[in-house]
Every structure is written in C-alpha cells, then in structure tokens.
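Listed here are the chains, written in short residue letters.
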Amino acid sequence: MEKNNKNKNSESAEVFASCSFSSLGLHPTLCEQLKERLGFDIPTQVQAQAIPVVLSGRHVLVNAATGTGKTVAYLAPVIHQLQSYDERIQRADGTFALVLVPTHELCMQVYEILQKLLHRFHWIVPGYIMGGENRAKEKARLRKGVSILVATPGRLLDHLKNTTSFTHKNLRWIIFDEADRILELGYGKDIEEILNSLGTKQHKSLNSPEVQQQNLLLSATLNDKVNHLAKISLENPVLIGIDDKVVQNMKYNHVKLLESYVDNRIEESPKMLSTSNEEYRLPAQLVQKYAKVPCGSRLVVLLSVLKHLFEREASQKIVVFFSTCDAVDFHHSLLSEFKWPQSKTEERQMFLGCKPLKLHGNMNHEDRKTAFQTFKVEKSALLLSTDVCARGLDFPKVRCIIQYDSPGDATEYVHRVGRTARLGEKGDSILFLQPVEVDYLKDLEKHGVMLTEYPLLKLLSSFPLNSLRHQVKKFVTLEMHPWVLTLQRALESFISSEPKIKKLAQDAFCSWVRAYTAHRGELKQIFMVKKLHLGHVAKSFALKEQPSLFNKSIQKKIKKRKRDDKQHHRVKSKKRFTSTKS
Ligand SMILES: Nc1ncnc2c1ncn2[C@@H]1O[C@H](COP(=O)(O)OP(=O)(O)OP(=O)(O)O)[C@@H](O)[C@H]1O
C-alpha cells in the first residue's frame, strides 16, 4: 500500500510542476476558471514550461508525451492575452486565434474546453468549424464573429475562399494541434494555402500595433512530416519538451537538427527531423504488452482477452483499434449480437457483459458525435475504432488499449496507446502480432518502445471448459487449445446463420487484405503479403470459407506486393552471398 502511494506520488511528481498557474503570469480569473471549471489546481510540467513562453510572444514547438496537458498549455495563455486588451475585443473584430486540428472529435473536444475556460470572459467568443457540419450555420456564426476558432483544415479553407464575411484581419495566433497528423492526413497543401491566404508574419494587432503574429506547433511525436510545416510557419521558435538526456544524446541526428532549428537556422538544415530513429516519449507508468497470435486464432483471442478484462474488472473502459472501417463494423455487430454459451441446456447471455460502441470516418457526423460523447461519460464501455480516435482524444479513465490490427508506424503506436495512462494514471496496452510479424517489435525498439509478452496460454486456460478440461494438458499449440477450438466453432456457426453479419465479415475480410497490402516502407518487409494464409485470415473473421477477392484492384495489389517481396528477398540473398564471399 505504502509502495503504491509512493509510486503514485512519484508519477504525479513527473507530470505536475511545483508552481501555481498564477505564478506563471495568468490572470487570477483565468486561474479560478481552471480550478472551478476544469478542476486544475496546479499546472503540469509542459504547461509550466509552455505558458510563460507563449505569453512572451515567441513562436513555440511543443513535444511532450500524450496526456500531459498540451491543450491548456496553449489555450490558457491565448485567453490571458485576449482578456488583457485595454479595450475589450468585440465579435465584430473577428478571429484572433485559430486552432487547427486533424479530426472532428478533437475539434469538439478543444471547443468544449474553450467554452469552460471562457465562462467568465463572455466577450471572448469561442467557435468551431469542421467537415460534416452545416455550412450555412457556420457562415452565420463566422459573420457574427468568433474570437477563438477551432477548425479542421479542409473546412477552414472552404470558408476562407467562400465566406466573405469571415473576418481575420486581427488574427494573432495560429496553433497546430497534432501537427504531424494534420500533414499525414494529406492537408499539407491546404495548410500552405491557409497560411498564404491568412498572410502570416506582417501582423498588426488591433490593440497593440507592435505585436507580431505568433504560431504554435504541438504533438507528442514530431518527425520529418512536421519539417516543412515548421519551416513555413514558425519564426525563431522556442523548443519545449526535448529533455536534456535526449539533447545530449548526439547519436540521433534529429537532435542536432532540432538544435539548429531552435537557433533559428532552419533554412540551413536540409532535413530538420529524421524519421527513422526518433525516440518517442511514452507515459512512464504505461504497461505495454504484445500478444503473439496465429492468424486463424486472432478473433477468438481478441474476444477472450476482452471477456477476461471485463470479468476481472466490470467497470472499466477499453479501446480496440482496427485498420479499417469495415472491420470496426463487423466486430461491432458481432459483439453486439453474439451470445454464449452455445449449449442448449445453459442460459445464454451476451458474450461480453458490455455493449460495444463504434467510431470511424465512414459513420455519419451525428453518429460519430454520439459515440464520442457516450464513450466519454460511460464508466464501463468498449470502443471499437479506427485511427480516427488515435489522436488527441481525451476519454477519461481508459484502462486498456488493444491494437488488434497493427498501427502503420511507431508514431501511430505511440498515439494509440496514449489514449490510456493519461496524466499519471494507470494504463495497459496490448499489441496483437502474428508470429511472422514479431520483427515489428524491433522497429518499435528503435524508437525506445519496449514491450513484454502477454501470457495468453494462462489466460485461455482460465476459461471454464467443463467436459473438455482433461484435454487442456494434451494441446501443444495455441490454435489447438480446446477453448480456442470451441469458441472458433461457435463463432463460425453463428456467422453462417446470420447473413447480414456474414456479409459484413466478407467485406471486412476484403478491406483487411487491402489494408495489409498498404503497409509502407520498411514495414512491407514485416507485414509480408506472401506470408499471409488467406484461409486463416478468413477464419479470423469467423468465415468457414475464404471469400473471393473479386475486386481486381486488390488482387493486382497482392500480386504486386508478392513480386516486390520476392525481389527484395532475392536482392537480400545476393547481398548476403557477396558479403560472405568477401
Ligand atoms: N493542470 C492540470 N491538472 C489536472 N488535470 C489536467 C491538467 N492539465 C490537463 N489535465 C487533464 O489531463 C488530460 C490530458 O490533457 P490533454 O488532452 O490536454 O493532453 P495532451 O498532452 O494534449 O494529450 P494528447 O497528446 O493525447 O493530445 C485531460 O483529461 C485534462 O483534463
């Protein structure tokens, strides 16, 4: 117990600073709002570092672990400055601060925090614009005037081009939250257009003519995707969140480059941030595991892990990440309807004691909003999602993250697991890998991310097997475990009796294969299409037979990937042969 308290105290010490919000220079009313509306007594480390720098007017690049309080690190100083103008700002003055975010959900989240912080500063008006919302209503809001505007890039550009009443002549701050993700989603061109159209740098503020425009860029993972954006948007920035240890560790190129960057020599550095060896910062208390699962048993193991977690602790929140929207739809329907046990004598119940929620980009805007809000407030819930919820979303008390389908790269891994273990709280993560994919762990290690193996056999043997118990000793592999065989059979017979879910399974199968072929760069050598057994993949969607990949483009892609894999293999063997000879 004492040890637990000690651990908790040391985790809090790492997250929180030993100062107050008012000592950072924030207005007393704002400090009261932070406490009353958000329950924040003292600043986190990143807030303590960033707030004074943002108040000083410098451009800032913030790199801090997920869940360390970056949102308030930029919102609080901006609100402080706006409320301090001698002459109160008015709606007709238009937009002073612009927060750019990659997704709808993050847009809503930042807006909600803004609303709370602005409660006693009624003359500073918050607003948001994003894809999926009613354009006409947004136009009306912009016409009336929004002081701090949260926006997704596509919709912002749309209004910049088409809403003449959108006033931004007083714009003083541009903030890129989850900067690298904005670029990954392909908004690079939009951002350049936005920056051009807003006319950066030569800014004259309404109340204090000498004030320069100030831009802020934030993410838990900075890599070369941010390079260009930083170059075009930041001037002589202060860098926050690169610790001394990393700075001294000169073996990583990007640190040198970052230093030159801080020294305002951006133009001289051809490549400011390297991609391959960034060491990412993860919450220290996060327990990270991987589960090595043969392809055909993936579904059974996923369901078993979820059942185990919810039975161990009925009231908890879990997020499972999938690679495609179709996979989310299929697993959501399955988990909403699959009952257990299959025997006719026992009373059947839902397999999981918890109703699943789903969230992905193909859902309509309203359903997305509802799922997001519900998962936020529920005490016990399971969320099935694509990477749409990997970035920035702050769901309270998420206990475990399961990456059922591997993330694209280490950056995405870091953000996905970052939905748990926030602000010093406990959190677990489990990454599913097939035996042929375990080299992915080496890729994560390169970024300082270390995982240990999840004890799967122990877990599977903990389920009641009744008459089959005597067989447990005989099995040799996970696939032959009686629990796995029984549950797989039950799932397959359930799917074959439910045509609608079967169709979802078939669609999910095709999309999954397509997503597997889409791994890029070095990851292609880990997630090798030629090693996929499509019959086993079908089993992982509880399908007795492999659906035909009638989509020609998938077949073409698979063939091409197989050819590439072979060629790569040939080149490698040739190199090995030559180096053995020499
Ligand atoms: N000073 C504080 N005191 C208490 N709680 C705080 C404080 N600052 C932030 N929080 C809480 O910490 C959680 C994480 O904050 P936030 O979402 O801003 O983190 P983040 O660093 O932006 O994470 P991500 O990188 O995942 O986007 C939120 O629940 C927020 O309410």
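Residues numbered from 1 in each chain as written. Predicted model: local features only at pLDDT ≥ 70, side-chain atom pairs only at ≥ 80, totals over all residues. Heavy atoms only, no water.

### Focus: the nonpolar core
Within the largest apolar cluster, 81 residues are counted, with the highest numbers of intra-cluster contacts made by Val320, Phe338, Leu382 and Ile402. No other element matches the nine residues that helix 12 (residues 298-312) contributes to this core. The residues contacting Val320, other than those within four sequence positions of it, are Leu302, Leu306, Leu382, Leu383, Leu384, Ser385, Ile402 and Tyr404. (Core = buried A, V, L, I, M, F, W, Y, C linked by side-chain atoms within 4.5 Å. Buried < 20%, exposed > 50% of the residue type's maximum accessible area, 1.4 Å probe, protein only. Helix = DSSP H or I, 4+ residues; strand = E, 2+ residues; numbered from the N terminus. Contact = heavy atoms within 4.5 Å.)

### With respect to the sheet that holds strand 8 (residues 286-292)
Taken together, the seven strands give an open sheet; going across it, the order is 12-13-9-14-15-8-16, and neighbouring strands pair in parallel fashion. The sheet terminates laterally at strand 12 (356-359) and strand 16 (452-453), the two strands that pair on one side only. Direction of pairing for strand 8 relative to strand 16: parallel, over a ladder of two bridges. Residue pairing in the sheet places Lys289 in a bridge with Thr452 of strand 16. Together, strand 12 and strand 13 (381-385) form the strand contacts of helix 13 (residues 325-337), whose direction differs from that of strand 12 by roughly 165°. (Pairing = 2+ DSSP bridges. Axes fitted to C-alpha atoms, helices over the stretch in contact; angles between N-to-C directions.)

### A word on the environment of His365
Its location among the elements puts His365 in helix 14 (residues 365-377). Its relative accessible area of 12% is what places His365 among the buried residues. A sequence separation of 137 residues divides His365 from Lys502, and the C-alpha atoms of the two residues are 26 Å apart.

### Looking at the packing of helix 5 (residues 104-117) against helix 14
Relative orientation of the contacting elements helix 5 and helix 14 amounts to 55°, with a least axis distance of 10 Å. As the angle between them shows, helix 5 and helix 14 are arranged oblique. You can see that helix 5 and helix 14 cross each other, and the crossing is right-handed. Between helix 5, through His104, Glu105, Met108, Gln109 and Glu112, and helix 14, the contact on the second element is made entirely by His365, Arg368, Lys369, Phe372, Gln373 and Lys376. The residue makeup of the contact of helix 5 with helix 14, split by class, is two nonpolar, four polar and five charged. (Parallel < 35°, antiparallel > 145°, perpendicular 65-115°, else oblique. Left-handed = near helix turned anticlockwise from the far one by under 90°. Nonpolar A, V, L, I, M, F, W, Y, C, P; charged D, E, K, R; others polar.)

### Brief notes about helix 19 (residues 499-517)
Helix length check: helix 19 (19 residues) gives 27 Å between terminal C-alpha atoms against 27 Å at 1.5 Å per residue, within 8%. Listing the buried residues of helix 19 in full gives Ile501, Ala505, Ala508, Phe509, Cys510, Ser511, Trp512, Val513, Tyr516 and Thr517. (Expected span 1.5 Å × (residues − 1).)

### Let's talk about the UniProt feature "domain: DEAD-box RNA helicase Q" (unreviewed entry) in the chain
Per the UniProt record, "domain: DEAD-box RNA helicase Q" (unreviewed entry) is annotated on residues 19-48. Annotation note: span residues 19-48, helix share 50%, strand share 0%, distance between end C-alpha atoms 8 Å. (UniProt positions renumbered as here; feature names shortened; annotations may be inferred.)

### Some words on the pairing of strand 15 (residues 427-433)
Summarising burial for strand 15: six of the seven residues are buried, a large majority. Note: strand 8 against strand 15, seven bridges, orientation parallel. Counted as the bridge partner of Tyr290 is Leu431 from strand 15. Across four bridges, the pairing between strand 14 (residues 398-403) and strand 15 is parallel. Bridging across to strand 15, Cys400 finds its partner in Asp428. In terms of handedness, the path from strand 14 via helix 15 (residues 410-417) over to strand 15 forms a crossover that is right-handed. (Right-handed = clockwise from strand over helix to strand, strands pointing away.)

### Things to note about the packing of aromatic side chains
To describe a pair of aromatic rings, you give the distance between the ring centres and the angle between the ring planes. Throughout the structure, instances matching the rule amount to 18 aromatic pairs. Between Trp340 and Phe351, the aromatic rings sit 6.0 Å apart at their centres with planes inclined by 80°, giving edge-to-face as the arrangement. Remark: Phe351 occurs in the loop between strand 11 (349-350) and strand 12 and Trp340 occurs in strand 10 (residues 339-340); sequence separation between them is eleven residues. Each member of the pair Trp340 and Phe351 is classed as buried. Considering the side-chain rings of Tyr516 and Phe527, the 5.9 Å spacing of their centres and the 90° angle between planes classify their relative orientation as edge-to-face. (Phe/Tyr/Trp six-rings, centres within 6.5 Å; stacked < 30°, edge-to-face > 60°.)

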